[in-house]
Amino acid sequence: MKIIVKIIEYLEDTQQIVVKFCRKNAPKSIDEYPAGAIDVNRLETVYDSQCLVESIMKIGYPTIQKQESNETPLTENDDIATIEGTDLRDYVGKIFESDSRMMVDRVTRKMKKIIIDDDI
Amino acid sequence: MTTPSGTISATDIINEFGNSNHNGGMSLGAYRQHKLGNGSLSNYPQQIGSLSISNLDNGIPSSGAISFGNMRNKKLSFVVDYHSFSADRNNSTAHIDAEVRWKQGNTTQVGNFRGTPASGDWNGGKRVYINYNQTFGGVTNNNQNVVALRTGQFWPNNTEMFIEVGSNGRIFGAGGRGGHGCNGSGEGGDGQNGNSALGIDITTTSGNKSCAINVRNGGYIQCGFEGGGGGGGSYDDPSKSQTDPVVSGGGGGGGAGRPVGVGGNAGTGAQKGSNGAAGTNATNTVRGIGGGGGNPDEGGSEGGDGGNGAQPGVSGGAEAGDPGSGGNKQNGAGGQIGARGAAIRKRDASCVYTLNIDSGGQVIGDGFNPNTAPLGVN
């Protein structure tokens, strides 16, 4: 996921910036998202542009995650089916969901036997 | 009305409007003009703060013929000065009460022929303009009743009050602080309340008193917005690992207002993981952002993110802090949001007011509808 930021205003007297964040492929313009304020002393301004932008992004990332989780799915995409079993003929034409974090953080391991040993 | 409706004398006019002549007598023609600071006369309009006054009182000519008859049933108007300075209650409390400023003589009289009238000079009534035409803020306080400015309670009977928020007038309640990030795997702190901008505490249901608020083009009254909640922490004991991380939550973002709502403190007490980040400070009109929750050295637990503070134009207001997640030992709850102050509030139901907002003026927050304005002014 690529995330973008737009600095709306630099308040020199209070040393703050007003910014807007969203995903690059968000369903609406970044201008339509609510703004937030950041104190300049929270930013990495000593080195280069990349460091500066990343320090802004780091503060905005939780907001972007919330934007995504709060987006309303299309009705057509929200008709999630629940099916028992693995007969693919039952799955055809239906929609299923899974959390993308499951794809990154965890791998399902198939096991035929589990040995529980109290001596470990 | 304060000059007689029947027989009227020069003394009646002088008692009400002041002496228009240098020699202690009265020049009726001079009342068609107003007196400048250097003592000379000038044609109307008289500019006082953001107000442009067109004559001494309604029906008194500003040119042409003038007679004693024109002076019957007239009353003095004066302007309480909130146009020559800017202040926050956070820094000074001397200015917040318009009644106190009147009694201290911080006024300009229409016509400028006399000094500030005392209570004993009320003589049947006065028209009072309170001219807010600078920036005024409140004081950080969790009590929503606390206001940046108030009318004052004990105005004499027959006071006709106009609150004029001019094109440069900006009145803010203070923003609420964001809740603190939790300690360890505990619960996030609650966001604090915003407080209020303008308090109406003049009683208008008795004593023939009234209060009308006019927000002119560019004038702005804004409540203090609430802070976001702090994030909760998490304590995890991943299987087959000696690393049992404790991560804390982020601080909530401050609510918009003046003074601004400051961000909640960063989380503390992380072990084998990181603390959540502090929330950011708001500006007068833009919210602060909640800090991200901490992350563990191992495992899938997460500290809760702090919630964003509230600001104008964003539906739903501030956000509660997220709970810690993924810990199999403990996941702390996120902190709750604060409550919002009001743009305008009344001391009690006897403090009735009307509100007119010109095109380009704004009133943001409760009190927009005078009938449902929240009660309590401090």
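Residues numbered from 1 in each chain as written. Chains lettered and ligands numbered in written order. Predicted model: local features only at pLDDT ≥ 70, side-chain atom pairs only at ≥ 80, totals over all residues.

### Quick notes on the overall build of chain A
No. 1: Assigned secondary structure in chain A consists of three helices and three strands.
No. 2: Going residue by residue from the N terminus, the α and β elements of chain A occur as β-β-β-α-α-α.
No. 3: Counting all 120 residues of chain A, 12% fall into the buried class. (Helix = DSSP H or I, 4+ residues; strand = E, 2+ residues; numbered from the N terminus. Buried ≥ 20, exposed ≤ 12 C-beta atoms within 10 Å, placed from the backbone.)

### Let's talk about the overall build of chain B
No. 1: When helices and strands are counted, chain B shows two helices and 21 strands.
No. 2: Computed over its C-alpha atoms, the radius of gyration of chain B comes to 28 Å, more than 25% above the 21 Å expected for a compact globule of 378 residues.
No. 3: Its C-alpha atoms give chain B principal-axis dimensions of about 100 × 40 × 35 Å.
No. 4: Counting every position in chain B, which comprises 378 residues, the buried fraction comes to 60%. (Rg over C-alpha atoms; globule rule 2.2 N^0.38 Å.)

### Observations concerning the sheet that holds strand 13 (residues 196-200) of chain B
By way of backbone hydrogen bonds, the strands of a sheet pair with one another, either parallel or antiparallel.
Residues and elements named next belong to chain B.
No. 1: Judged by pairing direction, the sheet is parallel, and its three strands sit side by side in the order 10-13-19 without closing on themselves. At either end of the open sheet lies a strand with only one pairing partner, and these are strand 10 (147-150) and strand 19 (344-346). The average undirected angle you get between the axes of adjacent strands in this sheet is 35°.
No. 2: Of the pairings in the sheet, the one linking strand 13 to strand 19 comprises three bridges and is parallel in character. By the bridge assignment for strand 19, glycine 199 is matched with arginine 345. (Pairing = 2+ DSSP bridges. Axes fitted to C-alpha atoms, helices over the stretch in contact; angles between N-to-C directions.)

### Examining the nonpolar core
No. 1: Grouped together as the largest cluster of nonpolar side chains are 73 residues, with contacts concentrated most on Ile171, Ala197 and Ile221 of chain B.
No. 2: Ignoring any residue separated from it by four or fewer positions in sequence, one finds isoleucine 221 of chain B in contact with Val165, Ile171, Ala197, Leu198, Val215, Ala343, Ile344 and Val363 of chain B. (Core = buried A, V, L, I, M, F, W, Y, C linked by C-beta atoms within 7 Å. Contact = placed C-beta atoms within 7 Å.)

### Observations concerning helix 1 (residues 10-17) of chain B
All names here are of chain B.
No. 1: Taken residue by residue, helix 1 has Ile13, Glu16 and Phe17 as its buried positions. Take helix 1 and look down its axis: the buried residues cluster within an arc of 75°, on one side only.
No. 2: Phi for glycine 18, located one or two positions after helix 1, is positive at around 95°. (Arc of directions from axis to C-beta.)

### Quick notes on the interface of chain B and chain A
No. 1: Taken together, the contact pairs 16 residues of chain B with 17 residues of chain A.
No. 2: When grouped by side-chain class, the residues that make up the side of chain B that touches chain A number four nonpolar, 10 polar and two charged. (Nonpolar A, V, L, I, M, F, W, Y, C, P; charged D, E, K, R; others polar.)

### Overview of the environment of glutamine 65 of chain A
No. 1: Of note, glutamine 65 of chain A is situated in helix 1 (residues 49-70).
No. 2: For the pair glutamine 65 of chain A and lysine 24 of chain A, spaced 41 residues apart in sequence, the C-alpha separation works out to 13 Å.

### So, the domain arrangement of chain A
No. 1: Domain boundaries assigned for chain A yield domain 1 (3-70) and domain 2 (75-105).
No. 2: Between domain 1 of chain A and domain 2 of chain A, the C-alpha centre-to-centre distance is 34 Å. (Domains from an automatic or database assignment.)

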